[in-house]
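Coordinate inspection notes
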Amino acid sequence: MAAQSVLTPQSQDFPRWYQDVVAKAELADNGPVRGTMVIRPYGYAIWERMQSEIDARIKAAGAKNAYFPLFIPESYFSKEAEHVEGFSPELAVVTFAGGEELAEPIVVRPTSETVIGGFMAKWIQSYRDLPLLLNQWSNVVRWELRPRLFLRGTEFLWQEGHTAHVSYEDASAYAMKIHREVYDDFLLNVLATPSYLGIKPPSERFPGAVNSMAAESVMRDGKALQMVTTHEFGQNFARAFDIYFQSEEGQAELCYTTSWGASTRLVGGLIMAHGDDAGLIIPPRIAPTQVVVIAVRDEPEVNGAADRIARELALVGVRVELDGGRGSFGRRVTDWEIKGVPLRVEVGPRDLAQGLVTLVRRDNGDKSTLGLDKLALDVPSLLESIQGDLLARAFALRDERTHEVKTIAEAIDAAKDGFARLPWDAVAGEGEIALNAQGVSVRCLQRPDGSIPLSDIERGLSCLVAKAY
RNA sequence: CGGGAAGUAGCGCAGCUUGGUUAGCGCGCCUGGUUUGGGACCAGGAGGCCGCGGGUUCGAAUCCCGCCUUCCCGACCA
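The sections below set out a description of the structure shown in this document. (Residues numbered from 1 in each chain as written. Chains lettered and ligands numbered in written order. Predicted model: local features only at pLDDT ≥ 70, side-chain atom pairs only at ≥ 80, totals over all residues. Heavy atoms only, no water.)

Time to look at the pairing of strand β19 (residues 367-371). Regular strands place their side chains on alternate faces of the sheet. Sheet analysis places strand β18 (residues 356-361) next to β19, joined by five bridges and oriented antiparallel. Pairing of Leu356 across the sheet is with Gly371, part of β19. (Pairing = 2+ DSSP bridges. Helix = DSSP H or I, 4+ residues; strand = E, 2+ residues; numbered from the N terminus.)

Here the focus is the layout of surface pockets. Of the volumes computed, that of the second largest pocket is approximately 210 Å³. Along its surface, the second largest pocket is lined by Val296, Arg297, Phe329, Glu346, Gly348, Pro349, Arg350, Asp351, Gln354, Thr358 and Lys367. The element that contributes the greatest number of residues to the lining of the second largest pocket is helix α11 (residues 349-354), accounting for four residues. (1 Å grid on protein atoms, 1.4 Å probe; cavity = no way out; pocket = protein on both sides within 12 Å on 5 of 7 lines; lining within 4 Å. Points joined across faces, edges and corners; volume = space filled by probe spheres on them.)

Looking now at the pattern of salt bridges. Inspection of the entire model under this criterion finds 26 salt bridges. For the salt bridge of Arg49 with Glu53, the shortest nitrogen-to-oxygen distance reads 2.9 Å. Of the two residues, Arg49 and Glu53 are both situated in helix α2 (residues 41-60); the distance of four residues between them amounts to about one turn of the helix. On the basis of relative accessible area, Arg49 is assigned to the buried category, the value being 14%. Residue class for Glu53 comes out buried when judged on its relative accessible area of 18%. A salt bridge links Lys59 to Asp55; the nearest nitrogen and oxygen atoms lie 2.5 Å apart. With Lys59 and Asp55 both in helix α2 and four residues apart, this pair spans about one turn of that helix. (Salt bridge = Lys/Arg side-chain N within 4 Å of Asp/Glu carboxyl O. Buried < 20%, exposed > 50% of the residue type's maximum accessible area, 1.4 Å probe, protein only.)

For the rest of this paragraph, the subject is the sheet that holds strand β16 (residues 320-323). Backbone hydrogen bonds hold the strands of a sheet together, and the pairing may be parallel or antiparallel. Taking strand neighbours across the sheet as the criterion, the five strands line up as β16-β15-β17-β18-β19 in an open arrangement whose pairing is mixed. The open sheet has two edge strands with one neighbour each: β16 and β19. Between one strand and the next, the sheet's axes are offset by a mean angle of 25°, whatever the strand orientation. Here strand β15 (residues 291-295) runs beside strand β17 (residues 343-347); their pairing, made up of five bridges, is parallel. The partner of Ile294 across the bridge, within β17, is Glu346. Helix α10 (residues 329-339) contacts β15, β16 and β17 of the sheet and is inclined by roughly 175° relative to β15. (Axes fitted to C-alpha atoms, helices over the stretch in contact; angles between N-to-C directions. Contact = heavy atoms within 4.5 Å.)

To continue, consider the packing of aromatic side chains. Tallied over the entire structure, the rule returns 14 aromatic pairs. Centre to centre, the rings of Phe14 and Trp17 are 5.2 Å apart; their planes meet at 35°, and the pair counts as tilted. In this pair, Phe14 and Trp17 are both assigned in helix α1 (residues 14-24), three residues apart and thus about one turn of the helix distant. Judged by centre distance (4.6 Å) and plane angle (65°), the ring pair of Phe233 and Phe237 falls under edge-to-face. Lying over the aromatic face of Tyr469, Lys223 brings its terminal NZ or CZ to 4.6 Å of the ring centre. (Phe/Tyr/Trp six-rings, centres within 6.5 Å; stacked < 30°, edge-to-face > 60°. Lys NZ or Arg CZ within 6 Å of the ring centre and 35° of its normal.)

What follows is about the environment of Glu204. Mapped onto the elements, Glu204 comes out in the loop between β9 (195-199) and β10 (211-218). Expressed as a C-alpha distance, the spacing of Glu204 and Ser263, which sit 59 residues apart in the sequence, is 18 Å. When near neighbours in sequence (up to four residues on either side) are disregarded, Glu204 contacts Ser441, Val442 and Arg443.

What follows covers the protein's contact with RNA strand B. Around RNA strand B, a shell composed of 44 residues is seen, among which Val6, Arg146, Arg331, Arg344 and Asp351 lie nearest. Backbone sugar and phosphate groups make up 42% of those atoms of RNA strand B lying within 4 Å of the protein. Between RNA strand B and Gly153, the relevant distance is 2.5 Å, taken from a base nitrogen to a main-chain nitrogen or oxygen of the residue. Asp335 has a polar side-chain atom sitting 3.1 Å from a base nitrogen of RNA strand B. For the surface near RNA strand B, the elements supplying multiple residues, two or more each, are α1, α10, β17 and α11. For the surface near RNA strand B, the leading source of residues is α10, giving seven residues. Grouping the constituent residues of the surface near RNA strand B by class yields twelve nonpolar, 15 polar and 17 charged. (Near = heavy atom within 4 Å. Polar contact = N/O pair within 3.5 Å; in protein donor to acceptor, adjacent residues only side chain to side chain. Nonpolar A, V, L, I, M, F, W, Y, C, P; charged D, E, K, R; others polar.)

Take a look at the structure:
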């Protein structure tokens, strides 16, 4: 670990640490317009890894990618009452284009339920067309008042899935499938950020939804971050957009629709869930670069060996980068630490004389040596151990930051450290207002065994409350 | 969008109170050399519409007004 950090320590000022990491790891910059973000190559590489992992899971769940336009007629928005009401404060609207005032204003999409709903109505004729399972990767615009890089911005990148089903049960089951098999699986097995899965209380529901599910993760400062969401719309959007199908009995019936999304906010979650005072810590399965091979000196034998090692690792499927020996060793090491590369392979004259390399783990700083002949076999399995250890560490953080309480007052106190779990009956209504007054919100509702309820009308639910990003 | 703070070289800052030589410092960057196993050292060098626009003045980084952007705290949200 670096003797003196180049970053503001987390314990001193966590938000400042976050900004320092984003800048020094070269992830992103602020764009010229408030709330916009320039994603730099290393930050974008992380997002591309996320996209490919999530996209594969979405496809495995049967949905297909498509693309719908950025511009949406304003009239579409007026069709679903709660949806307009919820989104109107953050809409960007085009009223002037092509040198003249537009007859009908155009909304820059904040989400695509409305356009997609219109086309679902056109494409769905019969129950045989269902379920219709669509997904799109796109940017969206929501006029945010307090932007923070990756966590909240006026424009961000995401994936939005939209589906239509014949029944409430089918829609609900598919939403649950996405939430578990796409999102939770990705969060657990790739990002190593274990989450609390549950449903949103009515106050936190997506505008127009009958049920919203969330995955809430614990950041290293104890605050909560909503990583993804999945919504069930019942027949609300189907009614607004005339999404009918003809049933087996020949009756015209309204579809049941869902939507679900994961955004570039996940990059922020990754940073805050794993990072330490020396910088990012990226779990190997998501890391754009899993191993950096560092030539300790800029000498032909050392560089040659480092190059051979990098090639050998690449051949067995490791995402590897080579750091030639130019520049001071300490400086180069620190830079790779800030970037969170999971494993360093250091190659110097002393190692080579013994036919070894030095391995250094980013997550715990452990150093070890390994015979050159064992690299191809041992490095991939070491990466897997790092992945496992990071997951275990994240679980431990989540558990030690979660407190079982009984009253609102205790919950407010516990929220200074992390999450509080208490009976939903003790919160619903005025309790939620009291929590909100202290900057604490209900993150999600769960069954007593931690599973996801089908609806907030289920009895005996517990809730998780916390301060949130 | 309300309340606070701030914008001077890529980054961090001084200068502004009390207007007046050529706007400084540290880090980084470039060149040469010595170095290289945890942020190296020496020498030389490049780099500034002092956030933007207007005003006051013989003269503005400095004083006044407006706007933009950033950070913190709230209200609203992936």
